[in-house]
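Given next are the chains, with one letter for each unit.
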Amino acid sequence: ALARPQAGGRARLTKQPGLDMIVALDFSRSMLAKDVYPSRLERAKRELEQLMDGLAGDRIGLVAFAGETLSYPPTTDYAAVKLFWRDMYPWDMPVGGTAIGQAMKASLDLLTRLRAAGGATRAQVILLLTDGEDTDSEPLAMADEAAKLGVKVFTVGIGSRSGELIPEYDETGKVTGYVKDADGKYVTSRLAEDMLVQIAQKTGGEYFHADPKQFGVDEIAHALAGLKRSENEARVVK
């Protein structure tokens, strides 16, 4: 007993009901605004981790976007998913801006690959979190494409409807000032809800507003709970 002899562990595959979901999170500089504590981006990361803690069997993929996108393929390994963007910030993105249309296209590409591999019977959804200020893309056209594929898009609008200043940071993470335009005027980021509502409506999803008091994770989880799930294999270590 003192030597504590142990047998080697084995990994086995078990089947769990689930759906396929791509979480597309906005990493534009406007997401650094602090109208939602501690910032729009940090609050979104924390709330997404809380959402994942309540899931089981769903395959989750990630798309981080600004002017371009970075993708993480769908998996049931939620610990790995959480690590993907835990230490990622807007300055880590290769191109600035907010290309919501590109984010939706990258999300649909991930879901299409899963469908081709035999996931056609599972519900497929995109959870899009952004302040809604799109630049240089066609999100409504991609919403139409999602609707054709039967992919529901749930949108979460993060931030103030009245507008908020966008902070600038130095290398140590301290706020050094606020973003200004070419004329030297302060830039404010205002939640653009109309487009997010249209995206959700076109695809049969729902729109949620995240404000300082309530982010809406419970409402999102409730909406996802009503979707069709089918069995897939998830690796379990025993």
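One structure accompanies this document, and this report is about it. (Residues numbered from 1 in each chain as written. Predicted model: local features only at pLDDT ≥ 70, side-chain atom pairs only at ≥ 80, totals over all residues. Heavy atoms only, no water.)

Counting buried positions along strand β6 (residues 152-158) gives 6 out of 7 residues, so the element sits mostly inside the fold. Bridging between strand β5 (residues 124-130) and β6 involves 6 bridges; their strand directions are parallel. By the bridge assignment for β6, T130 is matched with G157. Bridge analysis of β6 against strand β11 (residues 207-210) gives 4 bridges, and the strand direction is parallel. Looking at β11, one finds that T155 is bridged to Y207. (Buried < 20%, exposed > 50% of the residue type's maximum accessible area, 1.4 Å probe, protein only. Helix = DSSP H or I, 4+ residues; strand = E, 2+ residues; numbered from the N terminus. Pairing = 2+ DSSP bridges.)

Attention now moves to the packing of aromatic side chains. All told, the structure shown has 4 aromatic pairs when counted by the stated rule. Considering the side-chain rings of F84 and W85, the 6.3 Å spacing of their centres and the 50° angle between planes classify their relative orientation as tilted. Look at W85 and you get buried, because its relative accessible area is 2%. Ring geometry for Y89 against W91: centres 5.3 Å apart, planes inclined by 15°, an arrangement best described as stacked. Using a relative accessible area of 53% as the deciding quantity, one classes W91 as exposed. Put simply, the rings of F27, Y72, F84 and W85 pair up and form one aromatic cluster. Looking at K45, its charged tip hangs above the ring of Y89, at a distance of 4.2 Å from the centre. (Phe/Tyr/Trp six-rings, centres within 6.5 Å; stacked < 30°, edge-to-face > 60°. Lys NZ or Arg CZ within 6 Å of the ring centre and 35° of its normal.)

This brings us to the pattern of salt bridges. Scanning all chains against the criterion turns up 9 salt bridges. Here E47 and R43 are joined by a salt bridge, their closest N and O atoms 2.8 Å apart. Residue E47 and its partner R43 are located together in helix α1 (residues 40-53), separated by 4 residues, close to a single helical turn. The residues E47 and R43 share a single accessibility class, namely buried. E49 serves as the salt-bridge partner of R86, at 3.1 Å between the closest nitrogen and oxygen. You can see R86 sitting in helix α2 (residues 78-86) and its partner E49 sitting in helix α1, a full 37 residues away along the chain. With relative accessibility at 37%, the residue R86 sits in the partly exposed group. By relative accessible area, which is 23% here, E49 ends up partly exposed. (Salt bridge = Lys/Arg side-chain N within 4 Å of Asp/Glu carboxyl O.)

Next up on the list: unusual backbone geometry. Among all residues except glycine, the phi angle is most often negative; among peptide bonds, the trans geometry is most common. Between Y37 and P38 the backbone carries a cis peptide bond, its omega angle lying at -5°. With respect to the helices and strands, P38 occurs in the loop between β2 (20-26) and α1.

If you walk across this open sheet you meet the 6 strands as β4-β3-β2-β5-β6-β11, and the pairing is mixed. Every interior strand has two partners, whereas the edge strands, β4 (69-75) and β11, have only one. Taken pair by pair, the neighbouring strands of this sheet meet at an average axis angle of 15°, ignoring direction. (Axes fitted to C-alpha atoms, helices over the stretch in contact; angles between N-to-C directions.)

Along helix α5 (residues 193-203), the residues classified as buried are E193, M195, L196, I199, A200 and T203. Tucked into the core, α5 has its buried residues touching α3 (100-116), β5, α4 (139-149), β6 and β11. Looking at the residues trailing α5, positive phi occurs at G204, about 80°. (Contact = heavy atoms within 4.5 Å.)

Here we come to α2. Burial in α2 covers these residues: Y78, V81, K82 and W85. Take α2 and look down its axis: the buried residues cluster within an arc of 95°, on one side only. More than 90 degrees from the buried face of α2, the exposed residues found are A79 and L83. Packing partners of the buried residues in α2 comprise β2, α1, β3 (59-65) and β4. (Arc of directions from axis to C-beta.)

With their axes 10 Å apart at the nearest point, α1 and helix α6 (residues 217-225) run at an angle of 40° to one another. Between α1 and α6, the crossing angle belongs to the class labelled oblique. By crossing handedness, the relation of α1 to α6 is classed as right-handed. Seen from α1, the contacting residues are E47, Q50 and L51; seen from α6, they are V217, I220 and A221. Taken together, the residues of the contact of α1 with α6 break down into 4 nonpolar, 1 polar and 1 charged. (Parallel < 35°, antiparallel > 145°, perpendicular 65-115°, else oblique. Left-handed = near helix turned anticlockwise from the far one by under 90°. Nonpolar A, V, L, I, M, F, W, Y, C, P; charged D, E, K, R; others polar.)

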